[in-house]
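A closer look at the structure
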Amino acid sequence: MQVTGVDFMAIPTQDFEASKDFYENVLGLEPSKQWGEMPAMEFETGNLTIAIMQSDAFGQEFHKHTAPLALHVDDVAAARGELEDKGVTFVADTIDSGVCHMAIFSDPDGNPLMFHHRYAPKEDGPH
């Protein structure tokens, strides 16, 4: 077996329509494919597809994610301001780790998301 990539990242939802509205109209992600008649839809980010899935429609109990999905933006402060203007609340001040800026918020189901921008060059060598 050889894994050659990641096809998509699934994000659980309890309310497909509210989640779809958030990812499309609040975050501005491009919708690409609804899964037939199922309450699930894919959104494109440039390098990773995000699939929102209404958990109960797939025989699963809803559990929100606990670690944020980092969404790359060129300017964390500007992206944060744009979402705050749309009523989105961030959990804390923007973090400056010494190599990147991060700002954490949640989708309507409480799944944590993060705006992220690395400003320092990556170092060569083992990770």
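Here we summarise the structure given alongside this text. Keep in mind the model is a prediction, meaning the values are calculated, not measured.

1. Digging into the overall build of the protein chain
Of the regular secondary structure elements, the protein chain holds two helices and eight strands. When the helices and strands of the protein chain are listed from N to C terminus, the series reads β-α-β-β-β-β-α-β-β-β. Here the C-alpha coordinates of the protein chain stretch approximately 45 × 45 × 25 Å along the principal axes. Expressed as a percentage of the 127 residues in the protein chain, the buried residues total 35%. Taking the contacts inside the protein chain whose residues are at least 6 apart along the sequence as the reference set, 50% of them involve residues at least 24 apart. Here the protein chain displays about 8100 Å² of accessible surface, and carbon together with sulfur accounts for 49% of that area. Of note, the protein chain has its 7 positive side-chain charges centred 2 Å away from the centre of its 22 negative side-chain charges.

2. Let's talk about the pairing of strand β7 (residues 100-106)
Strand direction decides the pairing type here: strand β6 (residues 95-96) and β7, joined by two bridges, are antiparallel. From the neighbouring strand, I95 faces β7, where its bridge partner is M102. Linking β6 to β7, which pair antiparallel, is a turn of three residues; within it G98 sits at a positive phi near 100°. Pairing of β7 with strand β8 (residues 112-118) involves seven bridges; the strand directions are antiparallel. Across the sheet, H101 pairs through a bridge with H117, a residue of β8. Where β7 folds back onto β8 in an antiparallel hairpin, the turn is made up of five residues, including G110, whose phi is positive at roughly 90°.

3. Concerning the sheet that holds strand β2 (residues 30-34)
Taken in spatial order, the four strands make up an open sheet running β1-β4-β3-β2, and their pairing is mixed. Two strands in the sheet have a free side with no partner beyond their single neighbour: β1 (9-13) and β2. The average undirected angle you get between the axes of adjacent strands in this sheet is 30°. Pairing of strand β3 (residues 40-44) with strand β4 (residues 49-54) involves five bridges; the strand directions are antiparallel. Residue E42 lies in a different strand from β4, and its bridge partner there is A51.

4. Describing the environment of M41
Mapped onto the elements, M41 comes out in strand β3. Each C-alpha atom of the pair M41 and K122 lies 33 Å from the other, and the pair is 81 residues apart in sequence. Leaving out residues up to four positions away in the same chain, M41 has contacts with F16, K20, P31, K33, Q34, I50, A51 and I52.

The rules behind the values
Residues numbered from 1 in each chain as written. Predicted model: local features only at pLDDT ≥ 70, side-chain atom pairs only at ≥ 80, totals over all residues. Heavy atoms only, no water. Helix = DSSP H or I, 4+ residues; strand = E, 2+ residues; numbered from the N terminus. Buried < 20%, exposed > 50% of the residue type's maximum accessible area, 1.4 Å probe, protein only. Contact = heavy atoms within 4.5 Å. Areas by Shrake-Rupley, 256 points an atom, 1.4 Å probe, with all protein chains shown as cover. Lys, Arg positive; Asp, Glu negative; His and termini not counted. Charge placed at Lys NZ, Arg CZ, Asp CG, Glu CD. Pairing = 2+ DSSP bridges. Axes fitted to C-alpha atoms, helices over the stretch in contact; angles between N-to-C directions.

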